[in-house]
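Analysis of the macromolecular model
Chain by chain, the residues:
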Amino acid sequence: MTKTTKRPCSEEELQKREAIGVIRASRFVRKYAQSHQDINVKVVFKIHNEIFKDVWPEIAGGCREENLKIANSKHLPPHYSKVSALVNNFDNELEQKLKELNISEGIILDINNSPDEKTIEEIEKIIRLSAWIHHKITHIHPFREGNGRTARLAANLILERYGLVGISIKIEKENKNQYCNALAQIDIMEDYEPLVTLISDGLIERYHGVTMKYYG
Ligand SMILES: Nc1ncnc2c1ncn2[C@@H]1O[C@H](COP(=O)(O)OP(=O)(O)OP(=O)(O)O)[C@@H](O)[C@H]1O
Ligand SMILES: [Mg+2]
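Residues numbered from 1 in each chain as written. Chains lettered and ligands numbered in written order. Predicted model: local features only at pLDDT ≥ 70, side-chain atom pairs only at ≥ 80, totals over all residues. Heavy atoms only, no water.

1. As for the site of ligand 1
As a structural note, the neighbourhood of ligand 1 is formed by 18 residues, with Glu145, Arg149, Lys176, Tyr179 and Asp187 the closest of them. Take Thr138: an N or O atom from its side chain is 3.3 Å from a nitrogen atom of ligand 1. Between ligand 1 and Tyr179 there is a distance of 2.8 Å, counted from an oxygen atom to a side-chain nitrogen or oxygen. Its free accessible area being 610 Å², ligand 1 has 87% of it covered by the protein chains. The cavity where ligand 1 resides is the largest pocket. Looking at the shell around ligand 1, the elements with two or more residues in it are α5 (147–161) and α6 (173–189). Of all the elements, α6 adds the most residues to the shell around ligand 1, at 6 residues. In the shell around ligand 1, the residues fall into 6 nonpolar, 7 polar and 5 charged. (Near = heavy atom within 4 Å. Polar contact = N/O pair within 3.5 Å; in protein donor to acceptor, adjacent residues only side chain to side chain. Areas by Shrake-Rupley, 256 points an atom, 1.4 Å probe, with all protein chains shown as cover. 1 Å grid on protein atoms, 1.4 Å probe; cavity = no way out; pocket = protein on both sides within 12 Å on 5 of 7 lines; lining within 4 Å. Sits in = over half its atoms within 2 Å of the grid points. Helix = DSSP H or I, 4+ residues; strand = E, 2+ residues; numbered from the N terminus. Nonpolar A, V, L, I, M, F, W, Y, C, P; charged D, E, K, R; others polar.)

2. Section: a negative patch on the surface
The grouping of Asp116, Glu117, Glu121 and Glu124 at the surface amounts to a negative patch. Note on placement: Glu121 falls in helix α4 (residues 117–140). (Patch = residues over 30% accessible without salt bridge, like charges linked within 9 Å, V, L, I, M, F, W, Y side chains within 5 Å. Salt bridge = Lys/Arg side-chain N within 4 Å of Asp/Glu carboxyl O. Lys, Arg positive; Asp, Glu negative; His and termini not counted. Charge placed at Lys NZ, Arg CZ, Asp CG, Glu CD.)

3. Topic: the packing of aromatic side chains
In total, this model carries 3 aromatic pairs according to the counting rule given. Centroid distance Phe28 to Tyr32: 5.7 Å. Interplanar angle 40 degrees. Geometry classified as tilted. Linking Phe28 with Tyr32, this pair stays in helix α1 (residues 11–34), spanning 4 residues, or about one helical turn. The class of Tyr32 is buried, set by a relative accessible area of 8%. (Phe/Tyr/Trp six-rings, centres within 6.5 Å; stacked < 30°, edge-to-face > 60°. Buried < 20%, exposed > 50% of the residue type's maximum accessible area, 1.4 Å probe, protein only.)

4. Quick look at empty space enclosed by the protein
Applying the stated criterion to the full structure yields 1 cavity of 30 Å³ or more. Considered as a void within the structure, the largest cavity measures approximately 30 Å³ in volume. If you go around the largest cavity, the residues you meet are Val44, Phe45, Val87, Phe90, Lys136, Ile137, Ile140 and Pro142. Breaking the lining of the largest cavity down by element, the ones donating at least two residues are α2 (41–52), α3 (83–101) and α4. No other element matches α4, which puts 3 residues into the lining of the largest cavity. (Points joined across faces, edges and corners; volume = space filled by probe spheres on them.)

As C-alpha cells, then:
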C-alpha cells in the first residue's frame, strides 16, 4: 500500500516556507560542520527534517512510502520497499569512506598562497567524497520530495567539515540540464568527473568572491 501525503496551504505559502526551510537547513549544516559530531545518514535525515518540518511535517526526516519518477531523468529511483535497506548500506559505506578520508582536522587554506601538493591531494579527496554523498542521496532518492536540496546540503556538510566552504550549484533552467547530466553520468558510467567539476567550479567561485571582497 502506498500512502498519499497531502500538503497544506497555498502554493505561494508552501514555496515561502520551503525557502525558509532551506535557509534553516543550511544554518544547521554550517553549525554541524563546525561541531565534532559524527557525520552519518541520521544527519542527512536531520537536514531533510530542517527543510520540511514547517512545510510538510508528514514527510520531514522520513523515508518515502511511495514510488517516484524523476522529471526528465532516465534514472528510476528504487522501489520504496527497498529504501530503508539501501539507506543502511549507504550509512555503512559512508562510515568506511570517512575512515578512508583520514583527515581528522579540517585543512587550512591560505588564500594568498597556492596550496602545497599534500593539501591539493586532500582537497581532491574531500571534493570526491562530497560528490559521492551527493549522488548517493539523489540515486536512492530516499525522500518523497527534496532529494536534490538535501543532497546538495549534505555535500556541503562534507566540504565545510573538512575546511572548505559550502557552495551553491546552479540549478536554474539553463544550468539544470548540466547538473542532472552530471548525476546521470555517474548512474551510467560511474564517472564522477562532471559532478566533481561542478563542485570545483562552485568552490572557485566562492573563493574568488572572498578574495574580491577582502583584497579587491
Ligand atoms: N539521473 C539522475 N540520477 C540521480 N538523481 C537525479 C538525476 N537527475 C536528477 N536527479 C536529482 O533529483 C532531484 C529532483 O528530485 P526532488 O524533486 O526530490 O528534489 P528537490 O530538492 O525537490 O528538487 P530540486 O533539486 O530541483 O530543488 C534533482 O534536483 C537532482 O538532484
Ligand atoms: Mg522536487
